[in-house]
Amino acid sequence: MEPLTEKQIRSSFVNCTKGEATRLRLPLDFAEVPWPDLDFLGWVDPGAPLRAHLVMPSPHAPQGSQAPLGISLRVPSISGGSMKSSMCQLCLTGHASSGVALLVAPLAGARGRAGNTVGIYVCADLACSLYLRGRRQPKLRFVQHEETLTLDERIARMSGNLAAFVSRITAAAA
């Protein structure tokens, strides 16, 4: 992923108000973001731990263009039992149950303003790109499923999973 500026990130959000995008806090390590290792930038808001944000290259941008698309997410309050392990629906990395979180995104447009949302279980730290590349390891050390896919194929699968989720969010505004 090409490096983005703070202004590009804040103006990229499609499912929150401009005021909300202005108030969100960037990652604490924003100056050290490993851009070449990322397929999308994802982080939990340091000022609001029940909010998360994801910025990716827009699937609708012309080839070679770096127009970003941002999604605001939240962690719903859910009580219930916990599982021993969970799997991210984007990168398919296995984690302890605390390593995967249900993140919920308001739909873009009028349906989102009416309270409609979609959710997905993802790596709680939104570091899917780093897990795929082996730059980060899940905290729970259990047997990961060995895949025969190449890194490029796993990245393409994750990008397709993310694009499908984002299309569910943005289709409401189309």
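Residues numbered from 1 in each chain as written. Predicted model: local features only at pLDDT ≥ 70, side-chain atom pairs only at ≥ 80, totals over all residues. Heavy atoms only, no water.

Visitor: Now, about the overall build of the protein chain: what can you tell me, with residues and values included?
Guide: Tallying secondary structure elements over the protein chain gives five helices and seven strands in all. If you list the helices and strands of the protein chain from N to C, you get α-α-β-β-β-β-β-β-α-β-α-α. Among the 174 residues that make up the protein chain, the fraction classed as buried is 41%. Here the contacts in the protein chain between residues at least 6 apart in sequence split such that 57% fall between residues at least 24 apart. (Helix = DSSP H or I, 4+ residues; strand = E, 2+ residues; numbered from the N terminus. Buried < 20%, exposed > 50% of the residue type's maximum accessible area, 1.4 Å probe, protein only. Contact = heavy atoms within 4.5 Å.)

Visitor: Give me the environment of M1: which residues, what numbers.
Guide: Inspection of the secondary structure puts M1 in the segment before α1 (6-10). C-alpha separation for the pair M1 and P57, spaced 56 residues apart in sequence, amounts to 7.5 Å.

Visitor: Residues and numbers for helix α5 (residues 151-170), please.
Guide: Compared with an ideal rise of 1.5 Å per residue, which puts 20 residues at 28 Å, α5 spans 28 Å between its outermost C-alpha atoms and is within 8% of the ideal. Residues of α5 that are buried: I155, M158, L162, F165, V166 and I169. Projected onto a plane normal to the axis of α5, the buried residues spread over an arc of 100 degrees and lie on a single side. In the core, the buried residues of α5 are packed alongside β2 (51-57), β3 (68-74), β6 (100-106), β7 (117-123) and α4 (128-132). (Expected span 1.5 Å × (residues − 1). Arc of directions from axis to C-beta.)

Visitor: Requested: an account of the nonpolar core, with residues and values cited.
Guide: Judged by nonpolar contacts, the single largest core of 45 residues is most densely connected at I9 and L90. Once you skip the residues sitting within four places of it in the chain, L90 turns out to touch F40, I120, Y121, V122, C128, M158, N161 and L162. (Core = buried A, V, L, I, M, F, W, Y, C linked by side-chain atoms within 4.5 Å.)

Visitor: Could you give an account of the side chain of D37, with specific residues and numbers?
Guide: Here D37 is to be found in the loop between α2 (18-23) and β1 (41-44). Residue classification places D37 among the buried positions, given a relative accessible area of 17%. Aside from chain neighbours lying at most four places away, what touches D37 is S129, L130, R133 and R135.

Visitor: Can you break down the pairing of β1 residue by residue, with the values?
Guide: Across four bridges, β1 lies against β2 in antiparallel orientation. Note that in β2 the partner of L41 across the bridge is V55. Hairpin geometry of β1 and β2 is characterised by an intervening segment of six residues between the two adjacent antiparallel strands. (Pairing = 2+ DSSP bridges.)

Visitor: Which residues make up the packing of aromatic side chains, and what values do they have?
Guide: In total, this model carries one aromatic pair according to the counting rule given. When the ring of F30 is compared with that of W35, the centres are 6.1 Å apart and the planes differ by 90 degrees; the resulting orientation is edge-to-face. The same class applies to F30 as to W35, namely buried. (Phe/Tyr/Trp six-rings, centres within 6.5 Å; stacked < 30°, edge-to-face > 60°.)

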